[in-house]
Amino acid sequence: MEPALFERLMNEVGPYLLTASLWGWGESLLHPQLADILRISQDRGVTTFLSTNGQNLDDERVLQALISYPPTYLIVCIDGITDETNSVFRVGAKLDPTLKGVRRLAQMRREKGSHLPILHFRYIVMKHNEHEVPQLPQFAADNQFDLLTIRTLSIIDAPDDVHHELIPDDERFRAYGYRNHKRVSRTDFICEKAFIFPAVFADGTVVACDQDYNAQQPYGSIADGSSFADIWRSEQAAEVRREIRDNPENFSCCKNCPFKDRPIGACSIQCFDLRE
């Protein structure tokens, strides 16, 4: 997103936000104007989250942006404590730049006398890496993370036979219930996201939630000068919400929503505060 568009958006919606997730279906640290985006999001009384795979976290430009205008939480996604296990799901990923960047950020933070960004290690448990779970708290502490969360795998637009090999053997780490190797579908799920958790894409398109990653059912766009409020309260937005409420199976993003079949509402199932 262009910084000018982001600033206009934050000027309008910032006073009403509790949190802001500064990414959507992409690698946030690749933004060429990362420092500008982080600067604009600062000092608004909003808890900000920034998620990364960490592959350029050792880049000095990136580090300076993160320490100069820190988000509240920097979520670093690692799904294996060796390159071998991590690269099964995150193909081509290397641990070295990620962990070097985290340790360097921790050092820079100490030198600055700051507690931000909070360094958050996020780990998705799958069949090929579940054996590493007992080692994770020590691994995270050794690499100077502040927080560790264990996460279950979200399945989006994928039939059961494609992802079955990723399902952990330990049922505690399964996102969904299974019967005869098929995911158990809930019939009582009611979605609230379309009313409380909008997403705005890089081009200014406003959608009901981030699961509509191709903007198949947009509310509108702020890029043409429209205000977020006008789009949020528009008849187009109301029509999309009615359809999500009454006929969610008509939208692929709702039909394949990774949340609707979960027995619980959250993706993360364990949290370790390593600062204690």
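1. Considering the nonpolar core
Leu 57, Leu 66, Phe 121 and Phe 145 are the most contacted members of the largest nonpolar core, which has 39 residues in total. When residues of this core are traced back to their parent elements, those giving at least two are helix 1 (3-13), helix 2 (34-41), helix 3 (60-68), strand 3 (73-77), helix 5 (95-112), strand 4 (118-124), helix 6 (136-142) and strand 5 (147-151). The element that contributes the greatest number of residues to this core is helix 5, accounting for 6 residues. Other than its neighbours up to four places away in sequence, Leu 57 contacts Leu 29, Val 62, Leu 63, Leu 66, Leu 74, Val 76, Pro 97, Thr 98, Gly 101, Val 102 and Leu 105.

2. So, the pattern of salt bridges
Under the definition given, this model contains 14 salt bridges. With a shortest N-O distance of 2.6 Å, Asp 146 and Arg 109 are connected by a salt bridge. Residue Asp 146 is located in the loop between helix 6 and strand 5, and its partner Arg 109 is located in helix 5; the two are separated by 37 residues in the primary sequence. A cluster of three or more residues bridged by salt bridges with shared partners is formed by Arg 183, Lys 260 and Asp 261.

3. Some words on the packing of aromatic side chains
Tallying each qualifying case throughout the model produces 7 aromatic pairs. Measuring from ring centre to ring centre gives 5.7 Å for Phe 228 and Trp 232, while their planes differ by 20°; the resulting arrangement is stacked. Of the two residues, Phe 228 and Trp 232 both sit in helix 9 (residues 228-232), 4 residues apart, roughly one turn of that helix. We classify Phe 228 as buried; its relative accessible area is 11%. Among the aromatic residues, those joined into a ring-pair cluster are Phe 121, Tyr 123, Phe 139 and Phe 145. In this structure, Arg 183 is placed above the aromatic ring of Tyr 176, and the distance from its NZ or CZ to the ring centre is 4.2 Å. Geometry around Trp 232 places Arg 241 over its ring, the cationic atom sitting 4.3 Å from the centre.

4. Section: the sheet that holds strand 9 (residues 205-207)
Whenever strands of a sheet pair, they do so through backbone hydrogen bonds, lying parallel or antiparallel. The 3 strands lie next to each other as 8-9-10, forming an open sheet whose pairing is antiparallel. Of all strands in the sheet, those with a lone pairing partner are strand 8 (199-200) and strand 10 (220-221), marking the two edges. Bridging between strand 9 and strand 10 involves 2 bridges; their strand directions are antiparallel. Each bridged residue has a counterpart across the sheet, and for Val 206 the counterpart in strand 10 is Gly 220.

5. Some details on the sheet that holds strand 1 (residues 19-21)
Pairing is mixed in the open sheet, where 6 strands are placed in the order 1-2-3-4-5-11. Every interior strand has two partners, whereas the edge strands, strand 1 and strand 11 (268-273), have only one. Averaged over all neighbouring strand pairs, the angle between strand axes comes to 20°, with direction disregarded.

6. Section: the packing of helix 2 against helix 3
Following both chains from N to C, one finds helix 2 and helix 3 inclined at 5°, their axes separated by 9 Å at the closest point. Comparing their axes, helix 3 and helix 2 come out roughly parallel. Counted together, Leu 34, Ala 35 and Leu 38 of helix 2 and Arg 61, Val 62, Ala 65 and Leu 66 of helix 3 form the full contact between these two elements. Of the residues contributing to the contact of helix 2 with helix 3, the split by class is 6 nonpolar, no polar and 1 charged.

7. Examining the pairing of strand 5
Of all 5 residues making up strand 5, 5 are buried, and the element is well covered by its neighbours. Bridging between strand 4 and strand 5 involves 5 bridges; their strand directions are parallel. Residue Phe 121 lies in a different strand from strand 5, and its bridge partner there is Leu 148. The parallel pair strand 4 and strand 5, bridged by helix 6, forms a crossover whose chirality is right-handed. Here strand 5 pairs with strand 11 via 5 bridges, running antiparallel. Looking across to strand 11, one finds that Ile 150 is bridged to Gln 270.

Cut-offs and rules
Residues numbered from 1 in each chain as written. Predicted model: local features only at pLDDT ≥ 70, side-chain atom pairs only at ≥ 80, totals over all residues. Heavy atoms only, no water. Core = buried A, V, L, I, M, F, W, Y, C linked by side-chain atoms within 4.5 Å. Buried < 20%, exposed > 50% of the residue type's maximum accessible area, 1.4 Å probe, protein only. Helix = DSSP H or I, 4+ residues; strand = E, 2+ residues; numbered from the N terminus. Contact = heavy atoms within 4.5 Å. Salt bridge = Lys/Arg side-chain N within 4 Å of Asp/Glu carboxyl O. Phe/Tyr/Trp six-rings, centres within 6.5 Å; stacked < 30°, edge-to-face > 60°. Lys NZ or Arg CZ within 6 Å of the ring centre and 35° of its normal. Pairing = 2+ DSSP bridges. Axes fitted to C-alpha atoms, helices over the stretch in contact; angles between N-to-C directions. Parallel < 35°, antiparallel > 145°, perpendicular 65-115°, else oblique. Nonpolar A, V, L, I, M, F, W, Y, C, P; charged D, E, K, R; others polar. Right-handed = clockwise from strand over helix to strand, strands pointing away.

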